[in-house]
Amino acid sequence: MRKNLTAAPKWKTTLGSTLLSMSLVISAVPSLALADAVPVQESGTQVQTQVLTPTAAAYPLTDSIQASIKSLSISKSAEGTRIGTVVRLHNNTTQMKRVPDYEIRVQASDGSEYKVTPSASNPKSMLAMENVELTGMVTVDRQDDITLTGMSFVEVDEYVYPKQETVRLSLPITSVWNAAKPDITDPAFIKAWGDTFMVPESPSPIKFTTTSLTEQTDEKGVHTQVVTLLAENPGTASETVSGFRLDGKAGDQIYAGKRADANPIVLAAGDRKYIQYLIPTDKGIKLQSLLMMTTETFAASTGTAGAGAVGGSAGTAAATPSSTPGFDVGRLKIEVAADAVALPNTLPAYAIGTPIAFDPLNRLLDSSTQVSLMELHMHENTGSGFKSVVAKFRLQNKSDQTVTLPAFQTELVGSDGSSYAGSRQTATAANLMPNLSYVVSYSFMVPASEKGEQLGIKLLDNLTSAPYSTTIAGFQTAVQIDDVDSSVMAFYPFNVTLNDWTMSAYTNAGLPVTYSYKMKMNLTVDRVEDVVVDDNFPKFTIELVDGLGRTLGSQSVPFTGTDMLISGEQTIQISNIKSEQQEYPLTIKLYETIETPNGVAKRLVKTLQQ
């Protein structure tokens, strides 16, 4: 192949009077970085030029059009090695320009050269100051590794004999995405967890920041890593979020991801929004990094054959069918730090009873709704081999309007980092009245070995991106320890003071002989004003235990409704206790009990000896 070289002007050195004369391909020097061009080893009549420019520098293709490489990809299949290219052209004039009808060829390190077949959807013209993209692909019937070193734009004149080929622009290749070795090693394209980044080679001004990584399991047992990004539009006009995806990388294994919401996401100027990406993985997989992937589209013309080797030694390219898909390109690598999955000690400290700080971008809570954790206790599940942690939240409407009661979900993080999903009480009110508070309880089933000295609690939005959840608040705290010697028993929003009590036994007529015990209590029941509870609220339970620790009987009293616990004297009866079951002395234990999906959980608040 003949190449027409344009001679460069002679440069005069400032060190002595020696004239340095060289010939170079001016079109291979980017117009924005001519001062950075450094001549290196001369080869024949052409001087190779090392260009110290950033990725995707713009090079002059014509007097009015500049070109840069946006994407290069190599992948293997049963048909051979597929090479995909995307070139971006910029019209730097105020007039419409025709896209030059040049062939695009790529060169390999072994001397092979391949003409890429243009996409049928490539534009034919460019509006004033417009950017357009030219996509091309070629499939080469070879399975060995191909190293691409350069790209050229070649003008072919087929109306002369022999046809004449003129290289109009030669571009160096600095980066190629290899699907067989999917990784990014250039430090400029590696981000730490929590770094803010933009999509490389995209004109979009939207900035992204990684915020959380959680592993969630659905009802079918499928494990999914859910990555949440904060997207922010700092521009002055609405922008659509680029359609990239995030793949997970663990060792050499790649797990393909996708965006949770496939619909276009538009951010208004100055707007911020969370976006979730779903990466299905095997159980127990710990992702080491995330790969930002974009897909370049290619529309083939039916019956168009891909170009074979040009001036090289490789075989011919396969025909390009109309169903040829696009190709993927890795743009960025995001390292997954150990603290991407928050342990309790990485969450902010919290004082029980104070308002919880929520993410201001959450879409679940009304701005006038205030949430506080009022109680966190460890409950017993006798004979079950586990414990229950019960959390009581106060939801307060501080406005003069009725608002929807937020149906947030909860997650408890144990001291070892294990996560336990919370179970919300079976029913709640639909709305929260103005200037009132409502108490909602959540229970967590944890191992019997859990001490509860350092726990993390996350509040989740599992409605906006159902069936996946987003963390909207999180903090660290510890379970409360009850003072069983105190005369005041706390059952927020109730405080119960035991002023006096007596226990009497009665024999029941008939055989076998049974006993009933009547406990007479003098109580003071104080209630926090403007706090609403419902029938799902925990109960006050009296349990009679013999000298061997066996429970002889129990009786529960609600805090609301019929026969509720009241101030003054109140008698509670425990019936049908057989005489042979009793081993003295008897002990009276007072509990707070709550129904959970895993059975009744109880919290000891006081012990009385008869």
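The following paragraphs examine the structure supplied in this document. Since this is a predicted model, take the numbers as computed values, not measurements.

The rules behind these values
Residues numbered from 1 in each chain as written. Predicted model: local features only at pLDDT ≥ 70, side-chain atom pairs only at ≥ 80, totals over all residues. Heavy atoms only, no water. Helix = DSSP H or I, 4+ residues; strand = E, 2+ residues; numbered from the N terminus. Buried < 20%, exposed > 50% of the residue type's maximum accessible area, 1.4 Å probe, protein only. Contact = heavy atoms within 4.5 Å. Areas by Shrake-Rupley, 256 points an atom, 1.4 Å probe, with all protein chains shown as cover. Pairing = 2+ DSSP bridges. Axes fitted to C-alpha atoms, helices over the stretch in contact; angles between N-to-C directions. Phe/Tyr/Trp six-rings, centres within 6.5 Å; stacked < 30°, edge-to-face > 60°. Core = buried A, V, L, I, M, F, W, Y, C linked by side-chain atoms within 4.5 Å. Polar contact = N/O pair within 3.5 Å; in protein donor to acceptor, adjacent residues only side chain to side chain.

1. Quick notes on the overall build of the protein chain
So, point 1. Looking only at helices and strands, one finds zero helices and 47 strands in the protein chain.
So, point 2. Out of the 610 residues belonging to the protein chain, those deemed buried represent 46%.
So, point 3. Within the protein chain, residue pairs in contact and separated by at least 24 positions form 66% of the contacts whose partners lie at least 6 positions apart.
So, point 4. Summing over all exposed atoms, the protein chain offers an accessible surface of approximately 30,200 Å²; the carbon and sulfur share of this is 50%.

2. Some words on the sheet that holds strand β32 (residues 409-413)
So, point 1. Within the open sheet, the four strands sit side by side as β33-β32-β37-β38. Their pairing is antiparallel. Each edge of the open sheet is held by one strand with a lone partner, namely β33 (419-421) and β38 (470-477). Neighbour-to-neighbour, the strand axes of the sheet open up by a mean angle of 25°, direction not taken into account.
So, point 2. Where β32 and strand β37 (residues 455-461) come together, five bridges link them in antiparallel fashion. Within the sheet, the bridge partner assigned to E411 lies in β37 and is K458.

3. Focus: the sheet that holds strand β20 (residues 223-232)
So, point 1. Within the open sheet, the five strands sit side by side as β18-β19-β20-β26-β24. Their pairing is antiparallel. Strands at the two margins of the open sheet, each flanked by one partner only, are β18 (196-197) and β24 (258-259).
So, point 2. Here β18 runs beside strand β19 (residues 207-217); their pairing, made up of two bridges, is antiparallel. Looking at β19, one finds that T196 is bridged to T209.

4. Concerning the packing of aromatic side chains
So, point 1. Tallying each qualifying case throughout the model produces twelve aromatic pairs.
So, point 2. Arranged with centres 5.6 Å apart and planes meeting at 85°, the rings of F393 and Y442 form a pair that is edge-to-face. Here F393, found in strand β30 (residues 386-397), pairs with Y442, found in strand β36 (residues 437-447); they are 49 residues apart in sequence, far enough to count as distant.
So, point 3. A relative accessible area of 1% means that F393 is categorised as buried.
So, point 4. With centroids separated by 5.4 Å and ring planes inclined at 15°, the aromatic side chains of F408 and Y442 adopt a geometry described as stacked. With F408 in the loop between β31 (403-404) and β32 and Y442 in strand β36, this pair connects stretches of sequence that are 34 residues apart. Like F408, the residue Y442 is buried in the burial classification.

5. Some words on the environment of A448
So, point 1. Tracing the backbone shows A448 in the loop between β36 and β37.
So, point 2. Expressed as a C-alpha distance, the spacing of A448 and S384, which sit 64 residues apart in the sequence, is 9.2 Å.
So, point 3. In contact with A448, other than residues within four places in its own chain, are G385, F386 and K387.

6. Overview of the nonpolar core
So, point 1. Ranked by internal contacts, the top residues of the largest apolar core, which has 32 residues, are F540, I542, L544 and L590.
So, point 2. Those elements that place two or more of their residues in this core are β39 (488-491), β40 (494-508), β41 (514-527), β43 (539-545), β44 (551-557), β45 (568-578), β46 (587-596) and β47 (599-609).
So, point 3. Residues within four places of L590 in sequence aside, it is in contact with M489, L498, F540, T541, I542, R603, L604, V605, K606 and L608.
So, point 4. Of all hydrophobic cores here, the second largest spans 31 residues; its members include L376, V403, Y442 and F475.

7. Some points on the environment of F208
So, point 1. Within the secondary structure, F208 is located in strand β19.
So, point 2. Between the alpha carbons of F208 and F197 there is a distance of 5.3 Å; along the sequence they are eleven residues apart.
So, point 3. Apart from residues no more than four positions distant in its own chain, F208 is found in contact with D195, T196, F197, V199, L229, L230, A231, V241, F244 and I275.

8. Examining the side chain of T93
So, point 1. Note on placement: T93 falls in the loop between β7 (80-91) and β8 (97-98).
So, point 2. Judged by its relative accessible area of 18%, T93 falls in the buried class.
So, point 3. A polar side-chain atom of T93 sits 3.2 Å from the main-chain carbonyl oxygen of Q95.

9. Notes on the side chain of S516
So, point 1. Along the chain, S516 falls in strand β41.
So, point 2. For S516, a relative accessible area of 4% corresponds to the buried category.
So, point 3. In this structure, S516 is in contact with S504, A505, Y506, N508, Q573, I574, S575 and N576, ignoring residues within four places of it in sequence.

10. Here's the deal with unusual backbone geometry
So, point 1. A cis geometry characterises the amide bond from Y161 onward to P162, with omega recorded as -5°.
So, point 2. Secondary-structure assignment places P162 in the loop between β14 (148-157) and β15 (164-172).
So, point 3. The step from Y492 to P493 runs through a cis peptide bond, and the omega angle for that step is 10°.
So, point 4. With respect to the helices and strands, P493 occurs in the loop between β39 and β40.
So, point 5. Phi at N435 is positive, roughly 60°, even though this residue is not glycine.
So, point 6. Inspection of the secondary structure assignment puts N435 in the loop between β35 (431-432) and β36.
So, point 7. Positive phi is not limited to glycine here, since D530 has a value of about 60°.

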